[in-house]
Amino acid sequence: MLPIPGPAGAAPATRTATSAAATSAPAPRRRILSVNTGRAAAVEYTDAEGGLTGIGKRPVAGSVRVFAPGPRGTGASGVEGDDVCDLRHHGGEHQAVYAYAREDLDWWERELGRELPAGIFGENLTTSGIDLTGALLGERWRIGADLVLEVASARIPCRTFQGALGEKAWVKRFTRAARPGAYLRVIREGRVGAGDTVELVHRPDHDVTVGLWFRAFTTERALLPRTLAAGGAMEPKAHETVRTYLQKQSRHAQAAEPVTGGG
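Here the structure is a predicted model, which is why all the values come from computation and not from measurement.

Asker: What's the story with the overall build of the protein in this structure? I'm lost.
Answerer: On a plain count of helices and strands, the protein comes out with 5 helices and 12 strands. Out of the 263 residues in the protein, the part that is buried amounts to 44%. Considering only contacts within the protein whose residues lie at least 6 apart along the sequence, 69% involve residues at least 24 apart. If you sum the accessible surface of the protein, you get close to 13,000 Å²; carbon and sulfur atoms cover 52% of it.

Here it is, written out as structure tokens:
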């Protein structure tokens, strides 16, 4: 089996490098419950060019190829047979694949009082046994024999998501719940299918979780500087957002400094 590629400057991770401490109860199996794709469709609730969206995803049979789609703005989905239509805000290297946990879908079913099948949140991978909100930016998963994915960021809800789900004030409600799911980038291309095991092969030494990143970029902007600890695992656009925030904070601090005269 090929070695797992680690971050720049780090040695390849091993199968036991991130083993969790033994507990009395066995950990739930980390696996893919469903692989979901969607084709472009015309809708009234998106402002994407042509009024098209690929958010309506459905489970597919068998395995599908997962690949690096290219940079933001030109690259779309990294899942074969899946369409991403609004390249201004979606797709590209750091949003190649979107994962959402079945456990969080179950939570939302209780909150909304309706059934939520796999793919309804526009996720490519419906997972089981993985705390996506607690996943660290930069942690890596091996799926099947070859595929290696890296946690890159959280999903920030948009108008299209609200329209597709048909829930009033959904953007605010989803943001408040802070169960965003995770965007993943492709480290090594491969195939994925329902039932595949997800093996954690690298977990970085910082505390920037998907949940913290999501709160920093939505409701708790004071957390933005902490996200820099994720380093290169965070996409360049997010780094720019943090730099802009720090520059504004610095200007405000300077403006607030008292002016003293000589004496």
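Asker: Can you help me understand the side chain of T53 in this one?
Answerer: In this structure, T53 sits in strand β3 (residues 52-53). A polar contact of 3.1 Å, which involves the side chain of T53, links it to the backbone nitrogen of I55. Residues in contact with T53, not counting those within four places in the same chain, are R39, A40, A41, V43, Y45, C85 and T160.

Asker: I tried to follow the nonpolar core on my own but got confused; where do I start?
Answerer: In terms of nonpolar packing, the biggest core is built from 41 residues, with L125, L184 and V192 touching the most fellow members. Ranked by residues supplied to this core, first place goes to helix α4 (residues 210-216) with 5 residues. If sequence neighbours within four positions are ignored, V192 has contacts with I32, V35, G62, S63, V64, V66, L125, I143 and L147.

Asker: Can you help me understand helix α5 (residues 236-256) in this one?
Answerer: Working note: α-helix, 3.6 residues per turn, so residues spaced by three or four point in the same direction. Compared with the 30 Å implied by 1.5 Å per residue over 21 residues, the 30 Å span of α5 between its first and last C-alpha is a close match. Within α5 the residues assigned to the buried category are A238, H239, V242 and Y245. Down the axis of α5, the sector holding all buried residues measures 125 degrees, keeping them to one side. In α5, those exposed residues whose orientation departs by more than 90 degrees from the buried face are P236, Q254 and A255. Among the structural elements, α4 are those in contact with the buried residues of α5.

Asker: Looking at this model, I keep getting lost on the confidence of the model for the protein. Mind explaining?
Answerer: Low-pLDDT portions of the prediction should not be read for the details of their coordinates. On average, residues of the protein score 89 in pLDDT, and 89% of them reach the 70 mark or higher. Across residues 11-22, confidence stays below pLDDT 50; counting only partners more than four residues off in sequence or on other chains, it has 15 contacts.

Asker: Would you mind going over the environment of L224 with me for this structure?
Answerer: Its place among the elements puts L224 in the loop between α4 and α5. It is 9.0 Å that separates the C-alpha atoms of L224 and L212, two residues lying 12 residues apart in sequence.

Asker: Explain the environment of A135 to me, please; I cannot follow it from the model alone.
Answerer: Here A135 lies in the loop between β7 (125-128) and β8 (140-143). Through-space distance from the C-alpha of A135 to that of V208 is 8.4 Å; in sequence the pair is 73 residues apart. Discounting chain neighbours no more than four positions away, the residues touching A135 are V151, R203, V208, T209 and V210.

Asker: What should I look at first to understand the pairing of β8 in this one?
Answerer: The two faces of a sheet get side chains in turn, since along a regular strand they alternate between them. Side-chain alternation along β8 places R140 and R142 on one buried face and W141 and I143 on a second face that is also buried. Bridge analysis of β8 against strand β9 (residues 147-154) gives 4 bridges, and the strand direction is antiparallel. Bridging from a neighbouring strand, W141 pairs with L149 of β9. In sequence, β8 turns back onto β9 through a hairpin of 3 residues, with G144 there showing a positive phi of about 70 degrees. Taken together, the 4 bridges between β8 and strand β12 (residues 198-202) define a ladder with antiparallel strand orientation. When the bridges of β12 are listed, W141 appears paired with L200.

Asker: Even after reading the chapter, I still don't get the pattern of salt bridges, so can you show me in this structure?
Answerer: A side chain with one charge can pair with a side chain of the opposite charge if their charged atoms come near. According to the stated counting rule, one finds 17 salt bridges in the structure shown. In this structure, D82 engages K57 in a salt bridge whose closest nitrogen and oxygen atoms are separated by 2.7 Å. A residue pair is termed long-range when its members are at least 10 positions apart, and D82 in the loop between β5 (63-66) and β6 (97-101) and K57 in the loop between β3 and β4 (58-59) qualify at 25 residues. Grouping residues by exposure puts D82 and K57 together as buried.

Parameters at a glance
Residues numbered from 1 in each chain as written. Predicted model: local features only at pLDDT ≥ 70, side-chain atom pairs only at ≥ 80, totals over all residues. Heavy atoms only, no water. Helix = DSSP H or I, 4+ residues; strand = E, 2+ residues; numbered from the N terminus. Buried < 20%, exposed > 50% of the residue type's maximum accessible area, 1.4 Å probe, protein only. Contact = heavy atoms within 4.5 Å. Areas by Shrake-Rupley, 256 points an atom, 1.4 Å probe, with all protein chains shown as cover. Polar contact = N/O pair within 3.5 Å; in protein donor to acceptor, adjacent residues only side chain to side chain. Core = buried A, V, L, I, M, F, W, Y, C linked by side-chain atoms within 4.5 Å. Expected span 1.5 Å × (residues − 1). Arc of directions from axis to C-beta. pLDDT = per-residue confidence, 0-100. Pairing = 2+ DSSP bridges. Salt bridge = Lys/Arg side-chain N within 4 Å of Asp/Glu carboxyl O.

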